[in-house]
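Letter by letter, the chains look like this.
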Amino acid sequence: MLYPKNLPNWERVLRVVASLGMVAYALLGANPPLITGLLLFSALFVVVTGFVGFCPMCALFGRKLKSKNLQG
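Bear in mind that the values here come from a model prediction, so they are computed numbers and not experimental data. (Residues numbered from 1 in each chain as written. Predicted model: local features only at pLDDT ≥ 70, side-chain atom pairs only at ≥ 80, totals over all residues. Heavy atoms only, no water.)

## Remarks on the side chain of R15
Turning to step 1, where the next piece is worked out: As for its position among the elements, R15 is in helix α1 (residues 9-28).
Turning to step 2, where the next piece is worked out: One polar contact links R15 to T49, side chain to side chain, over a distance of 3.1 Å.
Turning to step 3, where the next piece is worked out: In this structure R15 touches L7, V46, T49, G50, C55 and C58, once residues within four positions along its chain are discounted. (Helix = DSSP H or I, 4+ residues; strand = E, 2+ residues; numbered from the N terminus. Polar contact = N/O pair within 3.5 Å; in protein donor to acceptor, adjacent residues only side chain to side chain. Contact = heavy atoms within 4.5 Å.)

Okay, here's the thing in structure tokens:
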């Protein structure tokens, strides 16, 4: 694996659901084109981090998952 996952499964699901909501709001809301583009770009970033399980911003602040195998 090239990167350590730093998102728990519940947050990954939440990110995918939130990105679907962002896309729906961007496409169905009467937003200016700039706001629609920003929402779609943000939704793309959020859904990719949800599927991959790695968030660069969380890694920047040192977030790591607790390993269940270390308890012995």
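## Things to note about the pattern of salt bridges
Turning to step 1, where the next piece is worked out: This model, assessed by the stated rule, comprises 2 salt bridges.
Turning to step 2, where the next piece is worked out: A salt bridge links R15 to E11; its shortest N-O distance comes to 3.1 Å. On the criterion of helical spacing, the pair formed by R15 and E11 is a turn pair, its members being 4 residues apart in helix α1. Here the two residues R15 and E11 agree in accessibility, since each one is buried.
Turning to step 3, where the next piece is worked out: Here E11 and R63 are joined by a salt bridge, their closest N and O atoms 2.6 Å apart. You can see E11 sitting in helix α1 and its partner R63 sitting in the segment after α3 (56-60), a full 52 residues away along the chain.
Turning to step 4, where the next piece is worked out: One network of salt bridges, in which partners are shared, links E11, R15 and R63. (Salt bridge = Lys/Arg side-chain N within 4 Å of Asp/Glu carboxyl O. Buried < 20%, exposed > 50% of the residue type's maximum accessible area, 1.4 Å probe, protein only.)

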